[in-house]
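So the chains spell out like this:
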Amino acid sequence: MASFDNIRPVAGLSAGRITSFFVNMFGTIAAWNDARITRNSLSKLTARELEDIGLSYGDIESVATRSVR
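Residues numbered from 1 in each chain as written. Predicted model: local features only at pLDDT ≥ 70, side-chain atom pairs only at ≥ 80, totals over all residues. Heavy atoms only, no water.

**Some thoughts on the packing of aromatic side chains**
Spelled out, the test is: For this analysis, a ring pair means two rings from Phe, Tyr or Trp (six-membered ring only for Trp) whose centres lie within 6.5 Å, classed as stacked if their planes differ by under 30 degrees, edge-to-face if by over 60, and tilted for the remaining angles.
Under the counting rule described, the total for this entry stands at one aromatic pair. Look at Phe-21 and Phe-22: their rings are 5.2 Å apart centre to centre, the planes differ by 75°, and that puts the pair in the edge-to-face class.

Put into structure tokens, the structure is as follows:
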């Protein structure tokens, strides 16, 4: 007697992977926006104000993206 296996793995993305994709995408966008806001805020400060908090203009990018990494 022959039998057929009719149970196959589902091709494509599962609901968990789709949800994970959108959660990761939202997190990436939120981190990018936070870095953008930080970069813009620090860029508005004068050299003297930056010096008061221990930074220079060259430090702005690394400070803004520190939380992203």
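**Brief notes about the side chain of Thr-65**
Put simply, the rule reads: Helix and strand assignments come from DSSP, with helices taken as H or I runs of at least 4 residues and strands as E runs of at least 2, each series counted from the N terminus. With a 1.4 Å probe rolled over the protein chains alone, any residue whose accessible area is under 20% of its type maximum counts as buried; one over 50% counts as exposed, and the rest are partly exposed. Polar contact is defined as a pair of N or O atoms within 3.5 Å, subject to the rule that within protein one atom must be able to donate a hydrogen and the other to accept it, and that residues adjacent in sequence are counted only when both atoms are side-chain atoms.
Here Thr-65 lies in the segment after α3 (60-64). According to the relative accessible area criterion, Thr-65 is buried, its value standing at 14%. At 2.9 Å, the side chain of Thr-65 forms a polar contact with the backbone oxygen of Glu-61.

**Structural notes on the pattern of salt bridges**
Rules: We define a salt bridge as a contact between a side-chain nitrogen of Lys or Arg and a carboxyl oxygen of Asp or Glu at a distance within 4 Å.
Inspection of every chain in the model, using the stated rule, returns three salt bridges. Across the pair Arg-48 and Glu-51 runs a salt bridge whose closest N-O atoms are separated by 4.0 Å. Taken together, the residues Arg-48 and Glu-51, both in helix α2 (residues 47-52) and three residues apart, mark about one turn of the helix. The two residues Arg-48 and Glu-51 agree in class, both being exposed. One salt-bridge network, held together by shared partners, links Arg-48, Glu-51 and Asp-52.

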